[in-house]
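Given next are the chains, with one letter for each unit.
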Amino acid sequence: MRILVFGAGAMGSLFGSRLSIRNHVTLVGRREHVRAIREKGLVVRGETKGVFYIDAIENVEEYEGYPDLILIAVKSYDTEDAVREIVRRFGKEIYVVSLQNGLDNLDKMKKHLGEDRIILALTTEACTFSRPGEVLHTGRGKTILGSLTEMDMVEKLGEELNLVGFEAEISKDIIRDMWRKAMINACINPLTALLEVENGRLKNPVLFEIVRRVCRECVEVAVAKGLDIEYDDMLKEVEEVIDATSRNLSSMLQSLMRGRKTEIDSINGYICKVGGEYGIRTEVNDLLVKLIRMKEARR
Ligand SMILES: NC(=O)c1ccc[n+]([C@@H]2O[C@H](COP(=O)([O-])OP(=O)(O)OC[C@H]3O[C@@H](n4cnc5c(N)ncnc54)[C@H](OP(=O)(O)O)[C@@H]3O)[C@@H](O)[C@H]2O)c1
C-alpha cells in the first residue's frame, strides 16, 4: 500500500517505520525531522530497532500521486487543521486512520469526511520523540482498529500491522473501546500531571478517591450517551492500568514537562462538554480541566 503519515512525531514515525518494511510510506513532519530523515534515515531505538529510509516531506502539497490511506498522528488539538489540509489535497474519498488519543478526533474528522472513510486505531504502543531523525519505542502494546461502517480497509490495515510486527486486532465496538481508553486517560493523566507523579502514586487512598470520582462522572456521561459501560468494571480497568504502568509518567505529565500543550480538551474537556449536553454534573472533571489549563498557561 501507499501510506502517508500525517504528523511524524513519536507515534507517526514509529508506525511509519515498521509499515515501511512492506509498504511505500511517506512521512509528513516538521522541517528538522524531515531534513534528518532525508540525510540519515529515520533511526528507531528501543523495542523497534533500525534505520528506515523513508520518504519525508513537510507538506501534503509535496506528495506525488494518491495514497491508499493516511495515518493521522498529530496531537488531537491539531486534528482539524490536519484533516482540512488532507481533504484540500486529496479530496473527500481518501481513507484516514486516526492513531490518536481523545474523544473529539472523530467529530473533527466527520466534519470533512464521510463515515465510510474514517478508521480509528487505538494503540497502547508507547514511544517518545528523542531528537530530529530519531524516536524511541519505549513499550510494546496492542492496537485495536475499527470503523463506524463495514470497511475492507480495516481488515487490510489490521493484516498489514500484524505482518510488520505490531499486535493488531479488529474491534467489535470501536466507539465503546475509544471511550474506555479515553476514560482511563481521564482518570490517570490530569492528576499525575498536576501532582507531577508516576502513575502508581494514584493508589494513595486520597488520590484514589479522586480517581473514583472522575471515573464515576465519566461513566455517567458515557451511559447517557448510550454506551454500555459499568462503573465497577471501568474502575477495575483503571486500577489495572495504574498497576501495570505504575513507574510510567503519563503523556500529559510528559507534555507539560516539555512545555507543550496537553490533550485535556479532547479527554476530560470532552467528557464535561457531553455531560453538559445531557445535564450531567462533571464537577471533578471540570476542576481538573481548569487546573491543567492553568498549568499549561505557565509554560
Ligand atoms: N507517544 C505515545 O506513546 C502515544 C501512545 C498512544 C497514543 N498516542 C497518541 O498519538 C497522538 C500523537 O502523539 P505523539 O506522542 O506522537 O505526539 P508528537 O510526538 O507531538 O507528534 C505529533 C507531531 O505532528 C507534528 N505536526 C502537527 N501538525 C503538523 C503539520 N501540519 N505538518 C507536519 N507536522 C505536524 C507535530 O509537530 P509540532 O510538535 O511542531 O506541532 C509533532 O511532531 C496523540 O493523540 C497521542 O495521544 C501517543
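What counts and what doesn't
- Residues numbered from 1 in each chain as written.
- Predicted model: local features only at pLDDT ≥ 70, side-chain atom pairs only at ≥ 80, totals over all residues.
- Pairing = 2+ DSSP bridges.
- Helix = DSSP H or I, 4+ residues; strand = E, 2+ residues; numbered from the N terminus.
- Axes fitted to C-alpha atoms, helices over the stretch in contact; angles between N-to-C directions.
- Core = buried A, V, L, I, M, F, W, Y, C linked by C-beta atoms within 7 Å.
- Buried ≥ 20, exposed ≤ 12 C-beta atoms within 10 Å, placed from the backbone.
- Domains from an automatic or database assignment.
- Contact = placed C-beta atoms within 7 Å.
- Nonpolar A, V, L, I, M, F, W, Y, C, P; charged D, E, K, R; others polar.
- Near = placed C-beta within 6 Å.
- Right-handed = clockwise from strand over helix to strand, strands pointing away.

Caption draft 1: Fine view of the sheet that holds strand 10 (residues 134-139). Taken together, 4 strands build an open sheet; the order of strands is 4-3-10-9 and the sheet is mixed. Looking at the sheet topology across the chains shown, the edges are occupied by strand 4 (50-52) and strand 9 (126-131). Neighbouring strand axes in the sheet, compared pairwise and without regard to direction, differ in orientation by 25 degrees on average. Where strand 3 (residues 42-46) and strand 4 come together, 3 bridges link them in antiparallel fashion. Looking at strand 4, one finds that V43 is bridged to V51.

Caption draft 2: Expanded view of the nonpolar core. Within the largest apolar cluster, 81 residues are counted, with the highest numbers of intra-cluster contacts made by V5, F6, L71, I72 and M183. In terms of residue count, the dominant contributor to this core is helix 6 (residues 174-195) (11 residues). Taken together, domain 1 (2-172) and domain 2 (176-297) each give at least three residues to this core, which thus spans both. With residues near it in sequence (within four places) discarded, F6 still touches V28, I70, L71, I72, A73, V74, A82 and I86.

Caption draft 3: Representation of the domain arrangement of the protein chain within the structure. When cut into domains, the protein chain gives domain 1 (2-172) and domain 2 (176-297). Its C-alpha centre places domain 1 at a distance of 25 Å from the equivalent point of domain 2. Contact with domain 1, which involves 13 residues of that partner, is made by 12 residues of domain 2. When residues of the side of domain 1 that touches domain 2 are traced back to their parent elements, those giving at least two are strand 8 (118-123) and strand 11 (142-147). Here the residues of the side of domain 1 that touches domain 2 are counted per class, giving 5 nonpolar, 6 polar and 2 charged.

Caption draft 4: Structural detail: the environment of L157. When you line up the elements, L157 lands in helix 5 (residues 152-163). Residue classification places L157 among the buried positions, given that 26 C-beta atoms sit within 10 Å. Spatially, the C-alpha atom of L157 lies 23 Å from that of L136, the residues being 21 residues apart in sequence. Each residue touching L157, except ones within four places of it in the same chain, is listed here: L69, V97, I119 and L145.

Caption draft 5: Representation of the pairing of strand 10 within the structure. Where strand 3 and strand 10 come together, 4 bridges link them in parallel fashion. Bridging across to strand 10, V43 finds its partner in E134. Sheet analysis places strand 9 next to strand 10, joined by 5 bridges and oriented antiparallel. Considered in strand 10, the bridge of F129 is made with V135. The loop that links strand 9 with its antiparallel partner strand 10 comprises 2 residues; one of these, G133, has a positive phi angle of about 90 degrees.

Caption draft 6: Region of the structure containing the sheet that holds strand 8. Across the sheet, 8 strands lie side by side as 5-2-1-6-7-8-11-12; this open sheet has mixed pairing. Each edge of the open sheet carries a strand with a single partner, namely strand 5 (55-57) and strand 12 (167-170). Strand-to-strand, the axes of this sheet are offset by a mean angle of 25 degrees, without reference to chain direction. The sheet contact formed by strand 2 (residues 24-28) and strand 5 spans 3 bridges and is parallel. Within the sheet, the bridge partner assigned to V28 lies in strand 5 and is I57. Along the sheet, helix 6 contacts strand 8 and strand 11; its crossing angle with strand 8, the most-contacted strand, is approximately 40 degrees.

Caption draft 7: Spotlight on the site of the ligand. Neighbouring the ligand are 24 residues, the closest being G7, G9, M11, Q100 and N101. Secondary-structure elements contributing two or more residues to the shell around the ligand are helix 1 (10-19) and strand 9. For the shell around the ligand, the residue count by class is 10 nonpolar, 10 polar and 4 charged.

Caption draft 8: Highlighting the pairing of strand 8. Of all 6 residues in strand 8, 6 are buried; the element is thus mostly enclosed. In strand 8, alternate side chains face the same way, and those of I118, L120 and L122 on one face and I119, A121 and T123 on the other are all buried. Note that strand 7 (residues 96-98) and strand 8 share 3 bridges and pair parallel. Across the sheet, residue V96 finds its bridge partner in strand 8, namely I118. Crossover connection from strand 7 via helix 4 (residues 105-110) to parallel strand 8: handedness right-handed. Here 5 bridges tie strand 8 to strand 11, and the two strands are oriented antiparallel to one another. Residue pairing in the sheet places I119 in a bridge with S147 of strand 11.

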